[in-house]
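Below, each chain spelled out in residue letters.
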Amino acid sequence: MSDLRKKLFYSQKNGWDIISKEEKQAVLAYCEGYKSFLNTAKTERLAVKESIRLAEEAGFVAFERGMELTPGTKVYKSVRDKALMLTVIGKKPLNEGVNIAAGHVDAPRLDLKQSPMYEDSEIAYFKTHYYGGIKKYQWVAIPLELHGVVVLADGTAVEVAVGADPSDPVLVITDLLPHLAKDQIKKPMAEAIAGEALNLVAGSVPDDEDEEGSDRVKYAVLKILNEKYGIVEEDFLSAELEVIPSLPARDAGLDRSMIAGYGHDDRVCSYAELKAIIDIDTPEKTAVCILADKEEIGSEGVTGMQSQAFECFISDLCDSQNVKLHHCFENSFCISADVTNAFDPVYPEVSDKRNNAKVNYGVALAKFTGSRGKSGSSDASAEVVGKLRRLFKDNGVIWQMGELGKVDQGGGGTVAMYMANRNIDTIDAGVPVLSMHSPYEMVAKLDCYMTYKAVKTLYENR
């Protein structure tokens, strides 16, 4: 190939053909830490708890208004135990802006309804309400865990965990046997399993001390919950209990090049942000890591990216330097660290292969997300993309551009638009995922590491 031809054409290479032997080892080591995080950070509350533990081990302390903030100071702010912000104070004043990575730690799941328990035909059940975009049929006939918090009548908060320990029972939603599914299999996929049918089997043995009462199985299950957690049925009214797959993260593929697990969207990017901010020293510009909640349902609520929690935190930092918040924002830069879809050759019809991210080709930038006519997207400028092009090239970050499927196929969004609405230059960048939003997603180890490297490069940028 002529030099001119090489210059004019754009071509990509598989990341494993580019990196050194030393960096290959770094990829594998990084992913061992990520798998451990994923197996612990199973819900947004658990993700925040584990992130704080890791941050404190690295010298971060809880932020308090009025505390002294000097270059190199490492602080974190928990938002109601369901979202988290961390920062390392930089050498430059905050009116020159901050470098931000914003991801989310919630994931598609099932939530128990507020009056979840019932008995039918001597089987006790929990009723659920799905959270985020799921394919309902994927959640039946698989092992499930229950995690969350129940606030008792006296105000005591009790943590609940069922199914995580190998000695625990799991919960299961039943499915119809194929022998009797003649009518079910004729239904469209979205209707084959109804949302109201996603009911967990909680028990089947009637209480042996209450032979004359009704709902004896439900009563027996309530007695178990009361004995272990002090819960009565009314306490479900003030409970937040989440149902997730009981499927630990595992190496996938005979070459162990991938990771299969629940919650890659978006804990794979959140961990990259967290690990990156832990690993930096004193940056030129202040570095900020955001682990938000509620992204899967539109970033709503007090712990979502549309809330004022982020402004309050950055405003407090600015107050320590007598800097106006809007001066900080207008000079800031944000990577909305969220996953994108990976091209799946089994389903090529939904993607534009020339513009779709691929596994093992590095962190994927998405100039825009949204759907169809870019609805719901911040659509980053050419200058924003150009900045990261230069930054990644100078620091050996393997990256690619991606687009979420064919133009008229569908689409999706991230927190990017909410950061951009704050007058912050923002672009999406994250890990390509196979089987996204399923109970067991897959990511490539190389892409996980390159997302970490991309965020760390931004944090260390002048």
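Everything discussed here concerns the structure shown above.
Structure report, in brief. (Residues numbered from 1 in each chain as written. Predicted model: local features only at pLDDT ≥ 70, side-chain atom pairs only at ≥ 80, totals over all residues. Heavy atoms only, no water.)

So, the pattern of salt bridges
- By the definition in use, this model includes 28 salt bridges.
- A salt bridge links Glu-57 to Arg-53, with the nearest nitrogen and oxygen atoms 2.7 Å apart. One end of the pair, Glu-57, and the other, Arg-53, are both in helix H3 (residues 44–57), 4 residues apart, so they sit about a helical turn from each other.
- Overall, the relative accessible area of 38% leaves Arg-53 in the partly exposed class.
- One salt bridge connects Asp-293 with Lys-294, and the closest N-O pair in it is separated by 3.0 Å. Accessibility assignment for this pair places Asp-293 and Lys-294 in one class, buried.
- Here the residues in one salt-bridge network are Glu-32, Lys-35, Asp-251, Arg-256 and Lys-445, joined through shared partners. (Salt bridge = Lys/Arg side-chain N within 4 Å of Asp/Glu carboxyl O. Helix = DSSP H or I, 4+ residues; strand = E, 2+ residues; numbered from the N terminus. Buried < 20%, exposed > 50% of the residue type's maximum accessible area, 1.4 Å probe, protein only.)

Considering the packing of aromatic side chains
- The final tally for this structure, using the stated rule, is 12 aromatic pairs.
- For the pair Phe-37 and Tyr-271, a centre-to-centre distance of 5.1 Å together with 40° between the ring planes defines the contact as tilted. Here Phe-37 is found in helix H2 (residues 21–40), whereas its partner Tyr-271 is found in helix H6 (residues 264–279), with 234 residues between them in sequence.
- For Phe-37, a relative accessible area of 2% gives the class buried.
- On the basis of an interplanar angle of 90° and a centroid distance of 5.6 Å, the ring pair of Phe-63 and Phe-313 is categorised as edge-to-face. One end of the pair, Phe-63, is in the loop between strand S1 (61–62) and strand S2 (74–79); the other, Phe-313, is in helix H7 (residues 309–319), and 250 residues separate them in sequence.
- The exposure class assigned to Phe-63 is buried, which follows from its relative accessible area of 11%.
- The buried category is assigned to Phe-313, whose relative accessible area is 2%.
- Members of the aromatic cluster, connected to one another through ring pairs, are Tyr-30, Tyr-34, Phe-37, Tyr-271, Tyr-449 and Tyr-452. (Phe/Tyr/Trp six-rings, centres within 6.5 Å; stacked < 30°, edge-to-face > 60°.)

Quick notes on the nonpolar core
- Core analysis: the biggest nonpolar cluster contains 61 residues, and Leu-86, Ile-277 and Tyr-459 have the highest contact counts within it.
- It is helix H11 (residues 445–459) that provides the largest number of residues to this core, a total of 9 residues.
- Ignoring anything within four residues of it in the chain, the contact list for Ile-277 reads Phe-60, Leu-86, Thr-87, Val-88, Ala-287, Val-288, Cys-289 and Tyr-459.
- Of all hydrophobic cores here, the second largest spans 34 residues; its members include Met-117, Ile-173, Ile-231 and Ala-239. (Core = buried A, V, L, I, M, F, W, Y, C linked by side-chain atoms within 4.5 Å. Contact = heavy atoms within 4.5 Å.)

Examining the sheet that holds strand S21 (residues 432–434)
- Strand order in the open sheet formed by 5 strands is S11-S12-S22-S21-S15, with mixed pairing between adjacent strands. The sheet terminates laterally at strand S11 (250–252) and strand S15 (340–341), the two strands that pair on one side only.
- In this sheet, strand S12 (residues 258–261) lies alongside S11 in antiparallel orientation, the contact comprising 3 bridges. From the neighbouring strand, Ala-252 faces S12, where its bridge partner is Met-258.
- Relative to the sheet, H11 contacts S11, S12, S21 and strand S22 (441–444), its axis offset from that of S22 by approximately 70°. (Pairing = 2+ DSSP bridges. Axes fitted to C-alpha atoms, helices over the stretch in contact; angles between N-to-C directions.)

What about the packing of H2 against H6?
- Interhelical geometry of H2 versus H6 gives an angle of 125° and a closest axis separation of 10 Å. Taken together, H2 and H6 sit at an angle that is classed as oblique. In this structure, H2 meets H6 at a crossing whose hand is right-handed. Here Tyr-30, Gly-33, Tyr-34, Phe-37 and Leu-38 of H2 lie close against H6, whose contacting residues are His-264, Arg-267, Val-268, Tyr-271, Ala-272, Leu-274 and Lys-275.
- Here the residues of the contact of H2 with H6 are counted per class, giving 8 nonpolar, 2 polar and 2 charged. (Parallel < 35°, antiparallel > 145°, perpendicular 65-115°, else oblique. Left-handed = near helix turned anticlockwise from the far one by under 90°. Nonpolar A, V, L, I, M, F, W, Y, C, P; charged D, E, K, R; others polar.)

As for unusual backbone geometry
- Here Asp-265 and Asp-266 are connected by a cis peptide whose omega angle stands at 10°.
- Residue position: Asp-266 is located in helix H6.
- Even without being a glycine, Glu-122 presents a positive backbone phi close to 65°.
- By the element assignment, Glu-122 lies in the loop between strand S5 (109–120) and strand S6 (123–131).
- Taking the relative accessible area as the measure of exposure, Glu-122 reaches 51% and is therefore exposed.
- One non-glycine residue with positive phi stands out, namely Asn-360, at about 75°.

Considering the sheet that holds strand S8 (residues 157–162)
- Strand order in this open sheet of 6 strands is S8-S7-S10-S5-S6-S9, and the pairing throughout is antiparallel. Strands at the two margins of the open sheet, each flanked by one partner only, are S8 and strand S9 (200–203). Strand-to-strand, the axes of this sheet are offset by a mean angle of 30°, without reference to chain direction.
- Of the pairings in the sheet, the one linking S5 to S6 comprises 8 bridges and is antiparallel in character. If you follow Asp-120 over to S6, its bridge partner there is Ile-123.

Take it as geometry only, folks, not as evidence of what the structure does.
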